[in-house]
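These are the residues of each chain, in order.
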Amino acid sequence: MRVPRTFAALLVLMAAVSCTAAHGDDGKPGATAPALPAFQRLLPAPAQARATAPGTGYVLGPGTVIRADPSSPDTRESADRLAEQLRATSGLSLMVVDGDQRDGILLRIDEQATALGAEGYELTSDANAVTLTAHTPAGLFYAVQTLRQLVPAAGGGLVQGGTITDRPRFAYRGAMLDVARHFFPVGQAKRYVDQLAQYKVNTLHVHLSDDQGWRLAIDSWPRLAEYGGGTEVGTGPGGSWSKEEYRSLVEFAKERHVEVVPEIDMPGHTNAALASYAELNCDGKAPARYRGIKVGFSSLCVRKEVTYTFIDEVLGELAELTPGRYLHIGGDEAHSTSAEDYAAFMDRAQEAVARHGKTAVAWHQLAGARPADGTVLQYWGTATTAPGEKGKVADAAAHGHPLILSPADRLYLDMKYDLTTKPGLTWAGFVPVKQAYDWDPGTYLSGSGVPESAVLGVEAPLWTETIATRADLEFMAFPRVLGLAELGWAPKTAHNWTAYAKRLAAQGPRLDEQGVTFYRAPDVPWS
Ligand code: TNX
């Protein structure tokens, strides 16, 4: 049936006007809409989305041309990557050309569009074109990730019509991978980055050293990797990354707008280093390497000067390899170091980071000592953390230290989901998918006086004492890490477990397609 043009336009207008932020309501009674309308399937939920009527939008097919606005060189790269991805997921080989016509898929970086911010974008879809506009390459990258979720999987099809205007709630959206307890090759870290970047996560924190192993080659202290890298939890061979491999990870991440934050944990969690170099021990004797899962028994020798030569050289090489802003210096669970020694040590570790031109990140125990100007604190407490400990963190926040929130009973991906989970620990309790999602980073520490403005963002750590394989790693991370992505990006107004659970379920086929061995958690309505 032919619908008069003006009438069709009116329908579109009505549909648009009836939409609210983040919920394109194109599922009217009587319409043959899919189970979940396209804009409502997006994960993370966009800041604003207005869908036109169901069935309207751009039909993506074999004849679609991808246009990169020639006024900015960065658009061509994004256009080529989009073409590559669509070839992989939809089987379509689309032509990429330079041009700025609104016809096909147009990618543009608009110098004037400052309102979109450092990571925001606008996506519009109508009968003629899908237009992706951003102020920065990162914003354009996120527009592309959104488009990928809007393209029906095989052979193209309708890209729902409407406008999405989007930007993140928090600047820091991170995941941590512990490659020290069990060694994982750089390829695994890249695979994780690739998975996370699709959901607009922008930081990979790598935990590169611990009691059980040292995982990065350091030229000035070669036995760290050569000998200290040769163990892991259990009986495995361990391993380490060459500098070349680390650089390739940084580059791979950068292409996906992910910043790598390397961590060398100190002064505790250092048995692998202490075993590698006798002189780092107060008694001059190297302990045996360690393959167990206890924490808190090791410490660098705080009163020996060689300790500071050591950390300065290690952090210097790390800074040289890392274009990102941050070096993480750990500082957690230094149970065998006195409070006074701990504070003195952490002062000098922070000085070393600053000397090498970086900003220090440390676990929140540093709040009880002397965080230096600018140091970022990573909070890993739980609902039962003592008010005094939270108070110290709140004090630090009041003195200008930005906070990264990683509450262990919400975001520790190594906690078991429930009784049936084989890998994992339970010291922070079970963490079902709902619990990982259903909290608000903005008000999480407000009871202790921390305002949302002090929260730089969120991070989900994946500790690997009990996780030795890719399958287990992905089983523990997915789908909970998507909750992290959602909390980091989506507006607070979109927070709703029931709606989120449906959107999460809609990601199931995508995860399957990518071979991710995720947990089909019973609290999610998977189809
Ligand atoms: C606590 S979080 C740790 C890690 C463990 C983890 C296990 C933190 C800063 N320290 O050393 O691997 O718990 O869940």
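## Brief notes about the nonpolar core
Within soluble globular proteins, side chains that are nonpolar generally end up buried alongside one another.
Item 1. Core analysis: the biggest nonpolar cluster contains 142 residues, and Tyr192, Trp241, Phe310 and Val481 have the highest contact counts within it.
Item 2. Filtering out sequence-adjacent residues up to four positions away, valine 481 remains in contact with Tyr192, Leu196, Leu413 and Ala460.
Item 3. Met176, Met415, Ala428 and Ala436 belong to the second largest nonpolar core, which has 11 residues in total.

## Regarding the sheet that holds strand E19 (residues 455-462)
Item 1. Sheet architecture is closed into a barrel: 8 strands sit in the order E10-E11-E14-E15-E16-E17-E18-E19, paired in parallel fashion. Going from strand to strand, the sheet's axes swing by 30 degrees on average, the running direction of each strand aside.
Item 2. Here strand E18 (residues 403-405) pairs with E19 via 3 bridges, running parallel. Bridging across to E19, leucine 405 finds its partner in valine 458.

## Remarks on the pattern of salt bridges
Two side chains that carry opposite charge are able to pair once their charged atoms sit near each other.
Item 1. Scanning all chains against the criterion turns up 25 salt bridges.
Item 2. With a shortest N-O distance of 2.7 Å, arginine 173 and glutamate 119 are connected by a salt bridge. Of this pair, arginine 173 sits in strand E10 (residues 172-178) while glutamate 119 sits in the loop between strand E5 (104-109) and strand E6 (121-125); the two residues are 54 residues apart in sequence, bridging distant segments of the chain. The burial state of arginine 173 is the same as that of glutamate 119; both residues are buried.
Item 3. For the salt bridge of glutamate 474 with arginine 191, the shortest nitrogen-to-oxygen distance reads 2.6 Å.

Here is what the cut-offs are and how they apply
Residues numbered from 1 in each chain as written. Predicted model: local features only at pLDDT ≥ 70, side-chain atom pairs only at ≥ 80, totals over all residues. Heavy atoms only, no water. Core = buried A, V, L, I, M, F, W, Y, C linked by side-chain atoms within 4.5 Å. Buried < 20%, exposed > 50% of the residue type's maximum accessible area, 1.4 Å probe, protein only. Contact = heavy atoms within 4.5 Å. Pairing = 2+ DSSP bridges. Helix = DSSP H or I, 4+ residues; strand = E, 2+ residues; numbered from the N terminus. Axes fitted to C-alpha atoms, helices over the stretch in contact; angles between N-to-C directions. Salt bridge = Lys/Arg side-chain N within 4 Å of Asp/Glu carboxyl O.

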